[in-house]
Number of protein chains: 2
Amino acid sequence: MAGWLTFQSKYDINLKHTFQIYTTFADIMARNVEFDEDRAIQKAMEVFWRKGYGGASMRDLTDAMQINASSLYNTIGDKHQLFIKCITNYVHTRMEETLAHSSKIKSPIKAVIGLINDCVNTILYSDNHCLAIKTTFELASTDPDIKVLLKQDSDFTHGFLLKLIQQAIELKEITSDTDAETLTSFILSAFTGWHESYIIHHDPVRIKKMAKYLITQISQ
Amino acid sequence: MAGWLTFQSKYDINLKHTFQIYTTFADIMARNVEFDEDRAIQKAMEVFWRKGYGGASMRDLTDAMQINASSLYNTIGDKHQLFIKCITNYVHTRMEETLAHSSKIKSPIKAVIGLINDCVNTILYSDNHCLAIKTTFELASTDPDIKVLLKQDSDFTHGFLLKLIQQAIELKEITSDTDAETLTSFILSAFTGWHESYIIHHDPVRIKKMAKYLITQISQ
DNA sequence: ATTAATCTGAAATGTTTGTTTTAAAATTAG
DNA sequence: CTAATTTTAAAACAAACATTTCAGATTAAT
C-alpha cells in the first residue's frame, strides 16, 4: 500500500497517456498487438448475443475474447465502444450476406421467396437469436448511437427488398393493390414476429406455416 | 463497530426469520403493511418497462415504489420475485382487457379488426413498449420461470383470437385457404414486428398502412 | 396500559460492476 | 547489446449492485 499516487507518479501517468495517444500510429512501434481484433470482436458478439448488453459483464467478455481487460481498453475502448463495434460488425456482415445472395437471383419474386426462406432457416437452425432485434428492444429506445446503427441496418434491408418487390410488380410476378413500400415493411416486420414466436413456442411447423402463408399472400 | 454478529444475535435473527415465515398469515397481526402493494407493483412495472430487467436497479425500483428496500424484501421478496409479480400483473391485466373487449362484439371479423386497431393504437399512443415482447427478447431464452409466464400469456391471446377467427370462417366472413391456427399466429406475430418498426422508425403512417394491408388480406 | 409482534428507515453487508494502475515481459530500432 | 516504447497480466480501484441487519417506531390484541 505504498504511496504510488504521489504528484510525481500522477504526472508521469498523464505524460505517458498523452504520449500514447499521439504515437499510436507513429513510425516507431515497439510491439504489435498480439490478439486478432476481428476474432475478438466475433467472440464478444457471441456473448452479447447470448446475454444482452446489460447482462454481459466485462469479465464474461474478456474471458470469451481471451484477452486481458487492459488490452481491451487500450485497443478497442470501453464496454459501449466494444458493443458498437460488435453491432457494426454484425450489421455489415448481414449486408454482405444479403448482397451476396442478390448475385444469384433468377427472378425478383424468387429472390423475395428465397429471402423469406433464409429468414426461416436462421430462426430454426441458428441458436443465437437475431442480435439486431434483441438490441432494438433492449437499447434502441434509450441509446441514440445504437439506434442510428440499427436504423441504418433496417433501412438497408428495406431498400434491398423494396427493389426486388418493385421489380416483381413491374414484371407482374406480384399483382398487389398495396404499394411496394408497405409490402416491404410488412414482410420485414413479420420476420421479427417469427423470431419472438420461436423463442416462446419452439415450434418449427408454426414458423414454416406462417412463412408459407406469407409467400402465398404476396405472390397471390 | 460493536460485535453484533455474536452467536446470540445470530441465533435471534434466525429465530425471527423462521418465525416470520410461519406467522405471515397468523391470527395475531401486530401491524399491517403500510404501502399499497398493487400500486407499488404498478410503479415497479413502469420502471421495468422503461429500463428492462437488467437495466433497472433496486434503487430505481424502491424510489419509484416509494418504499424502503427492507419493506420490499419483507413483503414481495427479491428483484426476481418482484419482476415475476410485475409480469404476472401485466399479463393478467392484458387478459382482462381482452375479455372486456369480447363482451361488446358485433361480429367475429369486426372483433378481429378491432383487435388489430387496438394494437396499432397501443404502439402509437402508449409511450411504453409492450413489456411482454421486451421481456421475451431479454429473458425468455435464459429464464424458465419468465418463459412459462410469457407462454401462458401468448397461449391465452392465441386461444382468444383463434376462436374469433374460427367463428369468422364459419360465418364465411373470412374465406381463407389457410387454417385458423396459422392465421392466428400470423396476425399476432405481425404485432411484434410493428412494435419493432415503430421503435426504429417512429413512423405512424407505416404502422397504419401495415395494419390496413393485414386487414384487407385476412378479410379478402 | 401493557405486551408482543411487525413494519420501517438508515446504515452496513459482501459481491460484482466497469475501469485503471503497476510492473514486468516483449519487441523493434539504432 | 542497449535504449526506447508498447503490450500484457494481475491486482487494485471506486462505484454500484442486490441484499441484510437492527434499532426504533408503530400497531393489534389482551
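Going by what an unreviewed UniProt entry lists, chain A is known as Transcriptional regulator, TetR family and is assigned to Pedobacter westerhofensis.

(A) The overall build of chain A, seen in detail. Looking only at helices and strands, chain A has ten helices and zero strands in total. Moving toward the C terminus, one meets the helices and strands of chain A in the order α-α-α-α-α-α-α-α-α-α. By the burial criterion, 43% of the 220 residues in chain A qualify as buried. For chain A, contacts bridging at least 24 residues in sequence account for 69% of all contacts bridging at least 6. Here chain A has roughly 12,700 Å² of accessible surface; of this, 55% comes from carbon and sulfur atoms.

(B) Focus on the nonpolar core. Judged by nonpolar contacts, the single largest core of 66 residues is most densely connected at M65(A), L82(A), M65(B) and L82(B). Sequence-distant contacts of L82(A), that is, excluding residues within four places in its chain, are made with I41(A), A44(A), F48(A), L61(A), M65(A), L72(A) and I76(A).

(C) The relation of the copies chain B and chain A, seen in detail. It takes a turn of 180° to lay chain B on chain A, together with a shift of 0.0 Å along the axis; the resulting RMSD is 0.1 Å. Taken together, the rotation and translation describe the operation of a two-fold axis. Looking at the interface residues of chain B, 100% of them are also at the interface in chain A, so both copies use one shared face.

(D) Structural detail: the interface of chain B and chain A. Listed per partner, the contact involves 38 residues of chain B and 38 residues of chain A. Roughly 3,600 Å² is buried in total at the junction of chain B and chain A, and carbon and sulfur atoms are behind 64% of that figure. Broken down residue by residue, the surface that chain B buries against chain A is led by F137(B), F186(B) and Y213(B), which jointly contribute 22%. At the boundary of chain B and chain A, one finds zero salt bridges. At the junction of chain B and chain A, the tally comes to six residue pairs in polar contact (both at pLDDT 80 or more). Looking at the side of chain B that touches chain A, the elements that each hand over two or more residues are α7 (131–140), α8 (144–170), α9 (180–201) and α10 (204–219) of chain B.

(E) Just the environment of D153(B), in detail. Residue and element names in this part refer to chain B. Locating D153 in the fold gives a position in helix α8. Taking relative accessible area as the criterion, D153 reaches 3% and is therefore assigned buried. Through-space distance from the C-alpha of D153 to that of A132 is 8.5 Å; in sequence the pair is 21 residues apart. Discounting chain neighbours no more than four positions away, the residues touching D153 are V91, R94, M95 and A132.

(F) Representation of the pattern of salt bridges within the structure. Tallied over the entire structure, the rule returns ten salt bridges over all chains. Salt-bridge contacts for D155(A) lead to K151(A); the nearest nitrogen and oxygen are separated by 3.0 Å. Taken as a pair, D155(A) and K151(A) lie in helix α8 (residues 144–170) at a separation of four residues, close to a single helical turn. Residue classification places D155(A) among the partly exposed residues on the basis of a relative accessible area of 34%. Assessed through its relative accessible area of 34%, K151(A) is described here as partly exposed. Across the salt bridge formed by D203(B) and R206(B), the nearest N and O atoms sit 3.9 Å from each other.

(G) The environment of K51(A), seen in detail. Residue and element names in this part refer to chain A. By secondary structure assignment, the location of K51 is in helix α2 (residues 37–55). Those residues in contact with K51 that sit more than four places away from it in its chain are A56, D60 and K134. A polar contact is formed between the side chain of K51 and the side chain of D60, at a distance of 3.3 Å.

(H) Examining the packing of helix α5 (residues 79–103) of chain B against α7(B) more closely. All names here are of chain B. Interhelical geometry of α5 versus α7 gives an angle of 140° and a closest axis separation of 10 Å. Considered as vectors, α5 and α7 are oriented oblique to each other. As for the relative orientation of α5 and α7, their crossing is left-handed in sense. Of the residues in α7, those touching α5 at F83, I87, Y90 and R94 are L131, A132, T135 and L139. Among the residues forming the contact of α5 with α7, the class breakdown is six nonpolar, one polar and one charged.

(I) Representation of the side chain of H201(A) within the structure. Residue placement: H201(A) occurs in helix α9 (residues 180–201). Exposure remark for H201(A): the relative accessible area of 14% places this residue in the buried category. Engagement of the side chain of H201(A) in a polar contact is seen with the side chain of S154(B), the distance being 2.8 Å. Beyond its immediate stretch of four places on either side in the chain, H201(A) contacts R206(A), K151(B), S154(B) and D155(B).

Parameters at a glance
Residues numbered from 1 in each chain as written. Chains lettered and ligands numbered in written order. Predicted model: local features only at pLDDT ≥ 70, side-chain atom pairs only at ≥ 80, totals over all residues. Heavy atoms only, no water. Helix = DSSP H or I, 4+ residues; strand = E, 2+ residues; numbered from the N terminus. Buried < 20%, exposed > 50% of the residue type's maximum accessible area, 1.4 Å probe, protein only. Contact = heavy atoms within 4.5 Å. Areas by Shrake-Rupley, 256 points an atom, 1.4 Å probe, with all protein chains shown as cover. Core = buried A, V, L, I, M, F, W, Y, C linked by side-chain atoms within 4.5 Å. Least-squares fit on C-alpha atoms with pLDDT ≥ 70 in both. Buried area = accessible area lost by both parts, 1.4 Å probe. Salt bridge = Lys/Arg side-chain N within 4 Å of Asp/Glu carboxyl O. Polar contact = N/O pair within 3.5 Å; in protein donor to acceptor, adjacent residues only side chain to side chain. Axes fitted to C-alpha atoms, helices over the stretch in contact; angles between N-to-C directions. Parallel < 35°, antiparallel > 145°, perpendicular 65-115°, else oblique. Left-handed = near helix turned anticlockwise from the far one by under 90°. Nonpolar A, V, L, I, M, F, W, Y, C, P; charged D, E, K, R; others polar.

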